[in-house]
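Observations on the model geometry
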Amino acid sequence: MERSTKKYSLPTAVAMIVGICIGSGIFFKTDNILYAAGGSVAKGIIVFVLGAVSIVFGGLTFGELAKRTDSAGGLIGYAEKFISPRAACAAGWFQTFVYYPALLVVVARVIGVYTCMLFGLENKLSTEMAIGLVFCCFSYIYNCAAPKFGALFQNLSTVVKLIPLVLFAAAGFLFGKPHLTAVSEATAVSSVGWISAVAPIAFSYDGWIISTSISHEIKNESKNLPRALVIGPLIVLGVYVAYFTGVSLFLGPDAIISMGDSHVYSVAGTLFGEAGGKIILIFIIISVMGTVNGIILGYIRMPYSLAVRGNMVPFSARLSKLGEKSNIPLYSAAVSFVLTLIWSFVHYFVSARELMANSDISEVSVAMSYAVYIPLYYKVYTLYKKGEIKSSFFGVACPILAAAGSCIVFFGALKNPDLVPVALIFTVPVLLSLIYFSPDEEKRKKS
């Protein structure tokens, strides 16, 4: 088995978490959150905090697992060591064939949305997705050919993306007006219950788990990854609540709901004029590019993480090979790129036909991923019962709160009836993985 070198530092791991979480969801999901919350900023903030429970305590809980393994794949490695190889295979297939590509194509489209705004182009679905796909191609190339550049871009884009968020939050608190209760138009359009706001909020927060996919390439990972899993989510929570509250106070819930994704450009134009507004849009585009870069950085390693285990995916011998110069799994990257193309067509079809009102395919995959984490949270509790974890806070409180947060996200998302049929379809790769996985081969390897 070829092993990757340790090439990423603690700042890169933190930047990966912050950079993936912040940069897309908060900009184009704010209107969805207000819509689901009936226009109530106060309820929106409550659900933001509820959503944060799952990532803050989830990060603390996974940190305990990260201290005890350095195998490739993050979530796959944790499931393999602490549950079973079959569970690891199922988790890996879900992440490889559903979670990563669904998240990636939805976020990539956002690059197209704001690029069209920047250059005054018509916001056609085909144009938006084409622009996003072009950047995906570019990101795949430099992350495979020059991985250090990919890490540098991740760090820089994380800094850039905080600029508009801080400015918008400050503007709202300084110049905005109170809009903390539901208003007529917002109340009229909200019909699925305010708790369903956890679905778009879960999307806005999601991405923290992707940092575990490079755990085996992080320097001193037993210490640095747990630190990153704590620092990153706390930064995200603080920035999100400040931005959501500030922009809601500045424009008002009704205006944000009616303008949708373009509310960002409206705030920027009001504060800085047309020229200043375009500069802010450039910052936002760079920040979303950072999110896409972070997802790709993790995704190119997923088929490899299955392949190095031998019996979890076809063509394992080839997929587990690393590039001689880049030390990147190039065949694995190629497979993830093909899956990205396939899911781009899926996202286009679903969006063009408006099959999921006020949501998209990524919200389903994100909600399902939180259900996948719960068995691992339970395993942390069992480590405490065995005496391997001494602290009751890390061994009991954290996994319980993380599991509670995951349940809120999962069942809250299912409040939206449009998500249920898609969730059933998304279980197909998991079922296929259970059919493909060979326990006999696993026994042979151990003997």
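Fair warning: this is a prediction, and the values are worked out from it, not measured in the lab.

The rules behind these values
Counting of residues starts from 1 at the beginning of each chain's written sequence and follows it residue by residue. Two thresholds apply to this predicted model, a pLDDT of at least 70 for residue-level local features and 80 or more for giving and counting side-chain atom pairs, whereas whole-chain, interface and lining totals are computed over all residues. To get the side-chain values, all heavy atoms of the structure are used, and hydrogens and water are removed first. What counts as a salt bridge is simple: a side-chain nitrogen of Lys or Arg found within 4 Å of a carboxyl oxygen of Asp or Glu. A run of H or I in DSSP counts as a helix once it spans at least four residues, and a run of E counts as a strand once it spans at least two, with each numbered from the N terminus. Accessible area is worked out with a 1.4 Å probe on protein chains only. A residue is then buried under 20% of its type maximum, exposed over 50%, and partly exposed in between. Note on contacts: a residue pair qualifies if any of its non-hydrogen atoms lie within 4.5 Å across the two residues. A helix's residues, less one, multiplied by 1.5 Å, set its expected span. Consider a residue and the seven residues that end there alongside the seven that start there; fitting an axis to each set, the bend is the angle between those axes. Each aromatic pair joins two rings of Phe, Tyr and Trp (for Trp, the six-membered one) with centres within 6.5 Å, and gets the label stacked for planes under 30 degrees apart, edge-to-face for over 60, and tilted for any other angle. Values of pLDDT, the confidence the predictor places in each residue, fall between 0 and 100. Only buried Ala, Val, Leu, Ile, Met, Phe, Trp, Tyr and Cys residues count toward a nonpolar core, and they belong to the same one when joined by side-chain atoms within 4.5 Å. The patches reported here contain residues having more than 30% relative accessible area and no salt bridge. Joining distances are 9 Å for like charges and 5 Å for nonpolar side chains (Val, Leu, Ile, Met, Phe, Trp, Tyr). Surface accessibility follows the Shrake-Rupley procedure with a 1.4 Å probe radius. Residue values consider only the protein chains on display as shielding.

**Structural notes on the pattern of salt bridges**
As enumerated under the stated definition, the model contains three salt bridges in all. E80 is paired through a salt bridge with R309; the nearest N and O atoms lie 2.7 Å apart. You can see E80 sitting in helix α5 (residues 75–82) and its partner R309 sitting in the loop between α14 (302–307) and α15 (316–319), a full 229 residues away along the chain. Note that E128 and R109 form a salt bridge whose closest N and O atoms lie 2.9 Å from each other. One end of the pair, E128, is in helix α7 (residues 125–145); the other, R109, is in helix α6 (residues 85–119), with 19 residues separating them in the sequence. Relative accessible area serves as the criterion here: at 4%, E128 is assigned to the buried category.

**Here's the deal with unusual backbone geometry**
Even without being a glycine, F315 presents a positive backbone phi close to 55°. As for its placement among the helices and strands, F315 is situated in the loop between α14 and α15. Phi is positive for E354, which is not a glycine, with a value near 50°. Relative to the assigned elements, E354 resides in the loop between α16 (330–352) and α17 (361–385).

**Points about the side chain of T115**
With respect to the helices and strands, T115 occurs in helix α6. Residue T115 is classed as buried on the basis of its relative accessible area of 13%. Beyond its immediate chain neighbours, meaning those up to four positions away, T115 contacts I131 and I285.

**Regarding helix α13 (residues 263–299)**
The terminal C-alpha atoms of α13 lie 31 Å apart, and with 37 residues this falls more than 12% below the ideal 54 Å at 1.5 Å per residue. Remark: the principal bend of α13, roughly 130°, maps to F272.

**Observations regarding the packing of aromatic side chains**
Per the counting criterion, the structure on display carries 20 aromatic pairs. Aromatic rings pair up to connect F62, Y78, Y370, Y373 and Y377 into one cluster.

**With respect to the confidence of the model for the protein chain**
Within the protein chain, residue pLDDT values average 81, and 84% of them lie at 70 or more. Across residues 443–447, where pLDDT falls below 50, the model places three contacts with residues more than four positions away in sequence or in other chains.

**Here we look at the nonpolar core**
The biggest cluster of nonpolar side chains holds 114 residues, and the ones touching the most others in it are F62, V292 and I361. The biggest single contributor to this core is α6, with 21 residues. Beyond its immediate stretch of four places on either side in the chain, V292 contacts L104, V107, A108, I111, F135 and C136.

**Notes on a nonpolar patch on the surface**
A contiguous nonpolar patch, built from I425, V428, L432 and I435 and spanning about 400 Å² of accessible area, is present on the exposed surface. A total of three residues in the nonpolar patch trace back to one element, the largest contributor, which is helix α20 (residues 428–436). Looking at the element boundaries, L432 is found in helix α20.

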